[in-house]
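Working through the structure, step by step
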Amino acid sequence: MNIDEFKNELSELETLCENDTIPQSFLEEFILTNLPLWNIENNKPTEIFSRATISMLLERGTMQLESMHSGRVGFIRDGKFIDLSHYAKIYFSIFSAWQANNWLTMENPAPEKFIISLHI
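Below: a short report on this structure. (Residues numbered from 1 in each chain as written. Predicted model: local features only at pLDDT ≥ 70, side-chain atom pairs only at ≥ 80, totals over all residues. Heavy atoms only, no water.)

The next point concerns the pairing of strand β3 (residues 104–110). Bridging between β3 and strand β4 (residues 113–118) involves five bridges; their strand directions are antiparallel. Residue pairing for β4: M106 is matched across the bridge by I116. The loop that links β3 with its antiparallel partner β4 comprises two residues. (Pairing = 2+ DSSP bridges. Helix = DSSP H or I, 4+ residues; strand = E, 2+ residues; numbered from the N terminus.)

Encoded structure:
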């Protein structure tokens, strides 16, 4: 999926999420499995995501990064635990690209503490 296709599908899903038609966890899963990471540094976060989605990514990404060493992170869907602990690496890739462009700063003052600040 290229970045334009991703943006089109994402826009529809963001609207569904805002209207409480789909849960945030579904939106998060779509982003982390379909975002073309090879092109992430060429697009400001606000060119791809709504402000609400950026806030969700920062919140969930921080949680994922802080939980990397402590075990499983995920959610329950249809009575089954969906393990998202492997998404920490994807969040780290996204945040690292944004940090390289000075769109955010990511600090790790302690093994289980991340501070992420957005600058856009």
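So, on to the packing of helix α1 (residues 3–18) against helix α2 (residues 24–34). With their axes 9 Å apart at the nearest point, α1 and α2 run at an angle of 170° to one another. Taken together, the axes of α1 and α2 lie roughly antiparallel to each other. When α1 is examined against α2, the residues F6, E9, L10, L13, E14 and C17 are found in contact with a partner set consisting of Q24, F26, L27, F30, I31 and N34. Here the residues of the contact of α1 with α2 are counted per class, giving eight nonpolar, two polar and two charged. (Axes fitted to C-alpha atoms, helices over the stretch in contact; angles between N-to-C directions. Parallel < 35°, antiparallel > 145°, perpendicular 65-115°, else oblique. Contact = heavy atoms within 4.5 Å. Nonpolar A, V, L, I, M, F, W, Y, C, P; charged D, E, K, R; others polar.)

The next point concerns the nonpolar core. Core analysis: the largest hydrophobic core is formed by 34 residues, its most contacted members being F6, L10, I31, L35, F49, F95 and W98. Of all the secondary structure elements, the ones that give two or more residues to this core are α1, α2, α4 (51–66), α5 (87–100), β3 and β4. By residue number, the principal contributor to this core is α5, which donates eight residues. Excluding residues within four positions of it along the chain, L10 makes contact with L27, F30, I31, I48 and F49. (Core = buried A, V, L, I, M, F, W, Y, C linked by side-chain atoms within 4.5 Å. Buried < 20%, exposed > 50% of the residue type's maximum accessible area, 1.4 Å probe, protein only.)

Turning to the packing of aromatic side chains, a few remarks are in order. One pair of aromatic rings is described through two measures. These are the centre distance and the angle between the planes. Tallied over the entire structure, the rule returns five aromatic pairs. With 6.3 Å between their ring centres and 80° between their planes, F6 and F49 make a pair best called edge-to-face. In this pair, F6 is assigned in helix α1 and F49 in the loop between α3 (45–48) and α4, connecting sequence segments 43 residues apart. Judged by its relative accessible area of 0%, F6 falls in the buried class. Judged by relative accessible area, which is 4%, F49 ranks as buried. Geometrically, the ring pair formed by Y91 and F95 is tilted, given 5.7 Å between the ring centres and 40° between the ring planes. Of this pair, Y91 and F95 are both found in helix α5, four residues apart, which corresponds to roughly one turn of the helix. F95 carries the same exposure label as Y91, and that label is buried. Site record: aromatic cluster; members linked through ring pairs are F6, F30, F49, Y91, F95 and W98. (Phe/Tyr/Trp six-rings, centres within 6.5 Å; stacked < 30°, edge-to-face > 60°.)

Let us look at the pattern of salt bridges. This structure, assessed with the given rule, holds one salt bridge. Among the ionic pairs, R60 bridges to E28, the shortest N-O distance being 3.1 Å. Of this pair, R60 sits in helix α4 while E28 sits in helix α2; the two residues are 32 residues apart in sequence, bridging distant segments of the chain. With relative accessibility at 2%, the residue E28 sits in the buried group. (Salt bridge = Lys/Arg side-chain N within 4 Å of Asp/Glu carboxyl O.)

Outside of glycine, negative phi angles account for most residues, and trans bonds account for most peptide bonds. For D20, which is not a glycine, the phi torsion comes out positive at approximately 60°. Following the sequence through the fold, D20 ends up in the loop between α1 and α2. Judged by relative accessible area, D20 falls into the exposed class, the value being 69%. Within the chain, N102 stands out as a residue other than glycine whose phi angle is a positive 60°. Following the sequence through the fold, N102 ends up in the loop between α5 and β3.

Spatial relationships are all this shows, so hold off on functional conclusions.
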